[in-house]
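Below are the chains, spelled out letter by letter.
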Amino acid sequence: MKLGVLALQGAFIEHCNILKTVDVEPVEIRKRDHFSDNLDGLIIPGGESTTISKLLGDLELLSPITDAVLCGMPVFGTCAGLILLAKKVEGIGAGTIPVLDVLVRRNGYGRQLGSFSKSAHFEGIGEVPMVFIRAPYILEAHGSAEILAKVDGRIVAVKQNSVLATAFHPELTENTEIHKFFIQMI
Ligand code: GLN
């Protein structure tokens, strides 16, 4: 299996490293030519959603990726990736690849002091460690968006059809269960 990892900015190397440990070949997507429909899925990492959005447009990656995701390519967004995939983002309108029926609050835990780790229950897996870095959280999930995890009453993971998104960074822990969960969705 080959998974694209959007490698424009942010924590993409960590996703690639986890994929290798679970025998999946990561393909770093840095420019238009690197992205093709032959990939089995795509990971959009954490970072800065405004920067990633701008680079997606500038590098002409936005429309091919949006088309592929709308045609059912499985996609997993973490942190900034969740923001990009949200149909509604408080104060902004929508993410750049708006496919998830959720309303997201950016920097939901505050800009500076919003980084922490916590273990919490994830549907279908059990307890997993979660690292939050200036993280968003999900205020509302609608339609077929299924809530997979909550921390302190706030929604931090959802799945909708072939789209998985977490407000936290599973790639910054040793635990590979959430990546395996995504691979099983494919
Ligand atoms: N605060 C960032 C944003 O709004 C997300 C942070 C992250 O991905 N760790 O894009």
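Higher on the page you've got the structure.
Please read these numbers as outputs of a predicted model, since none were measured by experiment. (Residues numbered from 1 in each chain as written. Predicted model: local features only at pLDDT ≥ 70, side-chain atom pairs only at ≥ 80, totals over all residues. Heavy atoms only, no water.)

Novice: So, the side chain of Thr-66: which residues are in play, and what are the values?
Specialist: Along the chain, Thr-66 falls in helix H3 (residues 62–70). Judged by relative accessible area, Thr-66 falls into the buried class, the value being 15%. A polar contact of 2.7 Å, which involves the side chain of Thr-66, links it to the backbone oxygen of Leu-62. Leaving out residues up to four positions away in the same chain, Thr-66 has contacts with Thr-96 and Ile-97. (Helix = DSSP H or I, 4+ residues; strand = E, 2+ residues; numbered from the N terminus. Buried < 20%, exposed > 50% of the residue type's maximum accessible area, 1.4 Å probe, protein only. Polar contact = N/O pair within 3.5 Å; in protein donor to acceptor, adjacent residues only side chain to side chain. Contact = heavy atoms within 4.5 Å.)

Novice: Explain the layout of surface pockets residue by residue, including any values.
Specialist: Reported here for the largest pocket is a volume of approximately 160 Å³. Gly-47, Glu-48, Cys-79, Ile-133 and Arg-134 are the residues nearest the centre of the largest pocket, which is lined by 15 residues in total. Its residues assigned to classes, the lining of the largest pocket comprises 6 nonpolar, 6 polar and 3 charged. (1 Å grid on protein atoms, 1.4 Å probe; cavity = no way out; pocket = protein on both sides within 12 Å on 5 of 7 lines; lining within 4 Å. Points joined across faces, edges and corners; volume = space filled by probe spheres on them. Nonpolar A, V, L, I, M, F, W, Y, C, P; charged D, E, K, R; others polar.)

Novice: Could you give an account of the nonpolar core, with specific residues and numbers?
Specialist: Counting 64 residues, the largest nonpolar core has Phe-122 and Met-130 as the members making the most contacts within it. Considering each element in turn, this core owes the most residues, 5 residues, to helix H4 (residues 80–85). Excluding residues within four positions of it along the chain, Met-130 makes contact with Phe-116, Ser-117, Lys-118, Ala-120, His-121, Phe-122, Ala-149, Val-151, Val-156 and Phe-168. (Core = buried A, V, L, I, M, F, W, Y, C linked by side-chain atoms within 4.5 Å.)

Novice: Would you mind going over the site of the ligand in detail, with residue names and values included?
Specialist: Surrounding the ligand, one finds Gly-46, Gly-47, Glu-48, Ser-49, Cys-79, Ala-80, Ile-83, Arg-106, Asn-107, Ile-133, Arg-134 and His-169. Between the ligand and Asn-107, the relevant distance is 2.8 Å, taken from a nitrogen atom to a side-chain nitrogen or oxygen of the residue. At 2.9 Å from a nitrogen atom of the ligand is found a main-chain nitrogen or oxygen belonging to Arg-134. Calculation on the ligand without its partners gives an accessible area of 290 Å², and the protein chains cover 98% of this total. (Near = heavy atom within 4 Å. Areas by Shrake-Rupley, 256 points an atom, 1.4 Å probe, with all protein chains shown as cover.)

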